[in-house]
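# Chains, contacts and geometry: an overview
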Protein chains: 2
Amino acid sequence: MTYCVGISLEQGLVFVSDSRTNAGVDHIATFRKLHVFGVPGERIIVLQTAGNLATSQSVISLLQQRLNGEGVNLNNVPSLYQATTLVSETMREVMARDGNGVMMQGVDLSCSFIVGGQVNGEAAGLFNIYPQGNFIAATEDTPYFQIGESKYGKPVLDRSLDNSSSLQHALLTALISFDSTIRSNLSVGMPLDVLVYNANSLQVPNGFRVTQDDPYYQGIRQQWGEALQRTLLELPPAPGQYLG
Amino acid sequence: MTYCVGISLEQGLVFVSDSRTNAGVDHIATFRKLHVFGVPGERIIVLQTAGNLATSQSVISLLQQRLNGEGVNLNNVPSLYQATTLVSETMREVMARDGNGVMMQGVDLSCSFIVGGQVNGEAAGLFNIYPQGNFIAATEDTPYFQIGESKYGKPVLDRSLDNSSSLQHALLTALISFDSTIRSNLSVGMPLDVLVYNANSLQVPNGFRVTQDDPYYQGIRQQWGEALQRTLLELPPAPGQYLG
């Protein structure tokens, strides 16, 4: 499984992805699920992937190989909407190539993507591509998307994120959401890949890899856990009728 | 969907169930999913149900109807293990009766149960019956079971429950787990049914129904939400390399 979060805010975009893949509990590996395309000063396009690794890797490879070709590619599409369409078309191409019914033996080839970024001349944006290839855009009302193992880490995002949150607050909230997920589900694991984009900067940051022993991540995990314990202990006990 | 939690502690047992059922978003209703059997001073057996409502209701009805018969029933089985076996057998009986392949049109008839309680002469216990009818018992290492929509509310249980927790602390933690779930998933809804059993009391409490406007539940929801917000704001911001 996988867990990725992409967040769209007035101030910019925040992306966090885990890096664990598994095909059964005895076939676990680390693969990057956050991929950055872009031309500094002109565009940045960030992709996060969940689902079948063979499909998503092929999609990323084809998108990269075609950057230097003459056709439409992520370095020349005129909008983020069209970049998302291109990712979707590439996914359908790979699934059509690999999805031979006789050979697939019931294996699900599908995957999902989060596509976020900014192309010069338009606002930053964030899209979620479904396994069927259609997609939706984040809005002020729904400023984040999750793909993969999304349920464990959803409550903390629902409680504390909105479109006007700062990049720092959104990053922190996303990291806590990952901690909750990793504690409860073995199929999501460290290290995490993080990328923060400042709206309208048109910079292409490298992003940062958060390892298991990263002191900042360790610190906030511990402080968060202790604060939750303390809060639970401070809440008033239930009145008598609850115990009747 | 449904969400039920049963917790087994040194001090006793805690049960919390939601009451929303849905067959599609336009067919939502309220049904009790926490059912109490017992003979004061001699035994208490609590059942929580998730899954197909027609199946689980029939199982409860048959178990109730048979209490006054001559055969094996929940008022005369000699152990909680055998009570769990009886619930499982009754579930298989209902599924065999109703599960006509031609008629079912792909509808899933299965359900799951949490069975907890105490029969005089043995310790209190807690079992989880899978949709296949086999079951497992809670232990010191794994003191709680969830059935239904379990992922949203699992992190807070994992963080703060163990076998030596007090009944009050476990009840509070379970209520917070329900709040997180209800905020993130429309298929789980108020009111909640709560039952707390003191180990070795052999009392048969009626339990308590927590409504949407219950002042205690409202208060802890609000305090918990505010404490999480405050904690997130107090955590240190990510260092520069996270933002690179």
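Residues numbered from 1 in each chain as written. Chains lettered and ligands numbered in written order. Predicted model: local features only at pLDDT ≥ 70, side-chain atom pairs only at ≥ 80, totals over all residues. Heavy atoms only, no water.

The name that an unreviewed UniProt entry assigns to chain A is Putative proteasome-type protease, with the source organism given as Pseudomonas segetis.

### Thoughts on the overall build of chain A
Stated formally: Numbering of helices and strands starts at the N terminus; helices are DSSP runs of H or I of at least 4 residues and strands are runs of E of at least 2. Our radius of gyration looks at C-alpha atoms and nothing else; its globule reference is 2.2 Å times the residue count to the power 0.38. Here's how the labels work: a residue is buried when its accessible area is under 20% of the maximum for its type, exposed when over 50%, partly exposed in between, all with a 1.4 Å probe on protein chains only. In what follows, residue pairs with any heavy atoms lying within 4.5 Å of each other are defined as contacts. Residue-level accessible areas treat just the shown protein chains as cover; the underlying method is Shrake-Rupley with a 1.4 Å probe.
Secondary structure summary: chain A contains 7 helices and 12 strands in total. Scaling as 2.2 N^0.38, a compact globule of 244 residues should have a C-alpha radius of gyration of about 18 Å, and chain A matches this with 19 Å. Its C-alpha atoms give chain A principal-axis dimensions of about 70 × 45 × 35 Å. Across the 244 residues that make up chain A, the buried fraction comes to 54%. Contacts in chain A between residues far apart in sequence, at least 24 positions, make up 64% of those at least 6 positions apart. For chain A, the accessible area works out to roughly 10,400 Å², and carbon and sulfur atoms hold 50% of it.

### A closer look at the sheet that holds strand β11 (residues 192-198) of chain B
Residue and element names in this part refer to chain B. Applied cut-off: Pairing between strands requires that DSSP locate at least two bridges from one strand to the other. In this analysis, axes come from line fits to C-alpha atoms, helices being fitted only over the stretch in contact, and the angle between any two N-to-C directions falls in the range 0 to 180 degrees.
Strand order in the open sheet formed by 5 strands is β10-β1-β2-β11-β12, and the pairing between neighbours is antiparallel. Each edge of the sheet is formed by a strand with only one pairing partner; in this case those strands are β10 (144-148) and β12 (208-210). With direction set aside, neighbouring strand axes in the sheet form an average angle of 15°. Here strand β1 (residues 3-9) runs beside strand β2 (residues 12-17); their pairing, made up of 6 bridges, is antiparallel. Its bridge partner lying in β2, G6 is registered against F15. Contacts between helix α5 (residues 167-184) and the sheet are confined to β1, β2 and β11, with β2 contributing the most and set at about 20° to the helix.

### Brief notes about the relation of the copies chain B and chain A
In plain terms, the rule: Alignment of copies: least-squares fit on C-alpha atoms of residues with pLDDT of at least 70 in both copies.
Aligned on chain A, chain B shows an RMSD of 0.0 Å; the corresponding rotation is 180° and the shift along the axis is 0.0 Å. Expressed as an axis order, the relation between the two copies is that of a two-fold axis. Among all residues of chain B, the one whose C-alpha sits closest to the rotation axis is Y152 of chain B, at a distance of 2.3 Å. A symmetric contact is evident, with 100% of the interface residues of chain B recurring at the interface of chain A.

### Some points on the state of the cysteines
Residue and element names in this part refer to chain B. We apply this condition: The rule for a disulfide is simple: a pair of cysteine sulfur atoms within 2.5 Å.
Scanning all chains against the criterion turns up 0 disulfides over all chains. Here C111 stays unpaired: no disulfide links it, and the sulfur of C4, its closest cysteine neighbor, is 11 Å away. Using a relative accessible area of 1% as the deciding quantity, one classes C111 as buried.

### Looking at the pattern of salt bridges
For the record, the criterion: The working definition used for a salt bridge is a side-chain nitrogen of Lys or Arg within 4 Å of a carboxyl oxygen of Asp or Glu.
As enumerated under the stated definition, the model contains 22 salt bridges over all chains in all. We note a salt bridge from R43 of chain A to E42 of chain A, for which the minimum N-O separation is 2.8 Å. The exposure class of R43 of chain A is buried, given its relative accessible area of 3%. For E42 of chain A, a relative accessible area of 27% translates into the label partly exposed. A salt bridge links K33 of chain B to D18 of chain B, with the nearest nitrogen and oxygen atoms 2.7 Å apart. Residue K33 of chain B is located in the loop between β4 (28-30) and β5 (34-39), and its partner D18 of chain B is located in the loop between β2 and β3 (20-22); the two are separated by 15 residues in the primary sequence.

### With respect to helix α2 (residues 80-98) of chain A
Think of an α-helix as 3.6 residues a turn; residues three or four steps apart then line up on the same face. All names here are of chain A. Rules: To estimate the expected span of a helix, subtract one from its residue number and multiply by 1.5 Å.
Between the first and last C-alpha of α2 there are 27 Å, a value that for 19 residues agrees with the 27 Å anticipated at 1.5 Å per step. Buried within α2 we find L80, A83, T84, L86, V87, S88, T90, M91 and V94. For α2, the elements touching its buried residues are β6 (43-51), α1 (53-65), β7 (111-119), β8 (125-129) and β9 (135-137).

### Topic: the sheet that holds strand β6 (residues 43-51) of chain B
Residues and elements named next belong to chain B. Strand order in the open sheet formed by 5 strands is β5-β6-β7-β8-β9, and the pairing between neighbours is antiparallel. Bordering the open sheet on either side are β5 and β9 (135-137), each of which pairs with just one other strand. Going across the sheet, the axis of each strand differs from the next one's by a mean of 20°, ignoring polarity. As paired elements, strand β7 (residues 111-119) and strand β8 (residues 125-129) share 5 bridges and run antiparallel to each other. Across the sheet, the residue bridging to F113 is I129, located in β8. Running at roughly 155° to β7, helix α2 (residues 80-98) makes contact with β6, β7, β8 and β9 of the sheet.

### Concerning α1 of chain A
Residues and elements named next belong to chain A. Worth spelling out the cut-off: Polar contact is defined as a pair of N or O atoms within 3.5 Å, subject to the rule that within protein one atom must be able to donate a hydrogen and the other to accept it, and that residues adjacent in sequence are counted only when both atoms are side-chain atoms.
Taking 1.5 Å as the rise per residue, α1 with 13 residues should run 18 Å; its terminal C-alpha atoms sit 18 Å apart, in good agreement. Those residues of α1 not exposed but buried are T55, S56, S58, V59, I60, L62 and L63. Contact partners of the buried residues in α1: β5 (34-39), β6, α2 and β7. Of the residues that open α1, the one with a side-chain oxygen 3.0 Å from the backbone nitrogen of A54 is N52.

### A look at the interface of chain B and chain A
Stated formally: Once two parts are brought into contact, the accessible area they lose, counted with a 1.4 Å probe and summed over both, makes up the buried area.
In this complex, chain B contributes 49 residues to the contact, which on the side of chain A involves 49 residues. Between chain B and chain A, roughly 4,600 Å² of surface is buried when both sides are summed, and carbon and sulfur atoms account for 64% of that area. Together, R159, L232 and Y242 of chain B form the three largest contributors to the area buried by chain B at its contact with chain A, with a combined 20%. Where chain B packs against chain A, one counts 4 salt bridges. The partner of K151 of chain A in a salt bridge is E149 of chain B, and the shortest N-O contact between them spans 2.6 Å. Summed over the shared surface of chain B and chain A, the number is 20 residue pairs in polar contact (both at pLDDT 80 or more).

### A closer look at the environment of L195 of chain B
Residues and elements named next belong to chain B. Inspection of the secondary structure puts L195 in strand β11. C-alpha of L195 to C-alpha of K154: the two residues are 41 residues apart in sequence and 19 Å apart in space. Excluding its chain neighbours within four sequence positions, the residues that come into contact with L195 are L13, V14, F15, L34, V36, I44, V46, P205, N206 and G207.

### Overview of the packing of α5 of chain B against helix α6 (residues 215-234) of chain B
All names here are of chain B. Here is the rule: Working definition: roughly parallel below 35 degrees, roughly antiparallel above 145 degrees, roughly perpendicular at 65 to 115 degrees, and oblique for all remaining angles. Only Asp, Glu, Lys and Arg are considered charged, only Ala, Val, Leu, Ile, Met, Phe, Trp, Tyr, Cys and Pro nonpolar, and every remaining residue, Gly among them, polar.
Following both chains from N to C, one finds α5 and α6 inclined at 75°, their axes separated by 10 Å at the closest point. It follows that α5 is roughly perpendicular to α6 by the angle criterion. Across from L172, L175, I176, F178, D179, I182 and R183 in α5, the residues of α6 making contact are Y216, Y217, I220, R221 and W224. Among the residues forming the contact of α5 with α6, the class breakdown is 9 nonpolar, no polar and 3 charged.

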